[in-house]
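# Topology and contacts: notes
Given next are the chains, with one letter for each unit.
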Amino acid sequence: MEREKTNAREGGEEMPQEKQSKPGQAAQGPARPPRMVYAPTEREAEDGLPMIVFDLDGTISDSYQLSIQACRQVFGRMGLPALSLDVIESFNGLSADEVCRAMGIGPERRSEFEAFWAEAEDEAVRRFARPFFGAMETLRALEGDASLCLLTNGSASYMSQTLQKFGMAHLFVRKAAFARGMTKADWICRWQKELCACRSLSVGDRETDVRAAHAAGALALGVTYGTGGVGELMEADALAGDMAEVLTLSRRFCREGVLHGTADES
C-alpha cells in the first residue's frame, strides 16, 4: 500500500505523514488449514502456560516515523549518501548488524554508528514512539492466558524507554533487546525452557520474525499493519490485520493450540 506523504517540515526537511496502523491486508488465495501445535502431555500441560512472544517495532510499537527520523539523522551525521524514503523504510525493525551491512558500515565505524544511533533513538522515542491502537488492551486480555515475552532488534535503552512511555513493561515476563551472538530464535528457545511453555507463538511483522519462530519450533502469526505486508509474510501460519485479530487468533492458540490462516476462519 502506497504511503501518503505530507509537506509538514520537521527540522527543515520533509517528513512522511504520521503513520498509524495501516489497514491490514487480507490473505490472498484459498484458506489455509489450521496449524496444530504438538499436543502436550498431561505433565507438560501442568508445567507452564502457553508462551506468546511479541516483536516490538511494527507489532506493538508504531515506529515508522521514529525509524525514518533516526535513520536520516544518523546517516547525515556520518556523511553517508542520502537515501530514498523506500530504502529507509526497509530498515524499520532491522538489527544494527543488518543496517550496517546494508549501508556498508564496517567495523572501523561501528562504534561511531552506535553512538550516533543511541542519541537519535533516544530523541526519536521521546518525540514519536506510540503503541498501535488496541495494543495495551490486547496484552492485558492475554496476560492471564499466556506468558507474554518481548523481542526487539533495538537497543536495551530503546526498549526500556519505549515500554516505560507506553506503561507496558510489567506485562512481559521476559524481554530481550539486540545482543550480538543471540538470535530471536535463540531467545525463543531459551524462554520456552525457562518458562516450561506447553506451546509457543511468535507475533511479528517481518519475514525474519516468521523464520525465527519456525527455527525455534514455534508458530508464527504475521501482522500486516506493520512494515511487512502479505507478500512478505506468506510463510506465517496465520495473518492478522489489526490488534483485534491478534487477540482472536492468540486466544484460540492458547485454548486449543491451533492457528487458523486468518481471524475470519476462527
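Note that this is a predicted model, so its numbers are computed, not measured. (Residues numbered from 1 in each chain as written. Predicted model: local features only at pLDDT ≥ 70, side-chain atom pairs only at ≥ 80, totals over all residues. Heavy atoms only, no water.)

## Observations concerning the confidence of the model for the chain
- Per-residue confidence for the chain gives a mean pLDDT of 83, with 81% of residues at or over 70.
- Every residue in residues 1-21 is under pLDDT 50, and counting partners more than four places away or in other chains gives 50 contacts.
- In this model, residues 38-45 is a region of pLDDT below 50 whose contacts with residues beyond four sequence positions or in other chains number eight contacts. (pLDDT = per-residue confidence, 0-100. Contact = heavy atoms within 4.5 Å.)

## Considering the packing of aromatic side chains
- Within this structure, the stated rule accounts for four aromatic pairs.
- One Lys or Arg, Arg199, reaches over the ring of Phe253 and ends 6.0 Å from the middle of that ring. (Phe/Tyr/Trp six-rings, centres within 6.5 Å; stacked < 30°, edge-to-face > 60°. Lys NZ or Arg CZ within 6 Å of the ring centre and 35° of its normal.)

## Some words on the pairing of strand S7 (residues 200-204)
- Across the five residues that make up S7, a large majority, five, are buried.
- Burial of S7 is two-sided: the residues Ser200, Ser202 and Gly204 facing one way and the residues Leu201 and Val203 facing the other way are all buried.
- Relative to S7, strand S4 (residues 51-55) runs parallel, the two being bridged by four bridges. By the bridge assignment, Ile52 is partnered in S7 with Leu201.
- Read as a crossover between parallel neighbours, the route from S7 over helix H9 (residues 207-215) to strand S8 (residues 219-223) is right-handed. (Buried < 20%, exposed > 50% of the residue type's maximum accessible area, 1.4 Å probe, protein only. Helix = DSSP H or I, 4+ residues; strand = E, 2+ residues; numbered from the N terminus. Pairing = 2+ DSSP bridges. Right-handed = clockwise from strand over helix to strand, strands pointing away.)

## Digging into helix H4 (residues 96-103)
- Within H4, the full set of buried residues consists of Ala96, Val99, Cys100 and Met103. In an axial view of H4, the angular spread of the buried residues amounts to 100°, which keeps them on one side of the axis. Turned more than 90 degrees from where H4 packs its buried face, Arg101 and Ala102 sit exposed.
- In this fold, the buried residues of H4 make contact with helix H2 (64-77) and helix H5 (107-128). (Arc of directions from axis to C-beta.)

## A word on the sheet that holds strand S9 (residues 238-240)
- Judged by pairing direction, the sheet is parallel, and its six strands sit side by side in the order S6-S5-S4-S7-S8-S9 without closing on themselves. What marks the edges here is a single partner per strand, and that holds for strand S6 (174-176) and S9. This sheet shows a mean twist of 20° between the axes of neighbouring strands, independent of strand direction.
- By the bridge criterion, three bridges tie S8 to S9 in an arrangement that is parallel. Its bridge partner being in S9, Val223 is matched across the sheet by Ala240. (Axes fitted to C-alpha atoms, helices over the stretch in contact; angles between N-to-C directions.)

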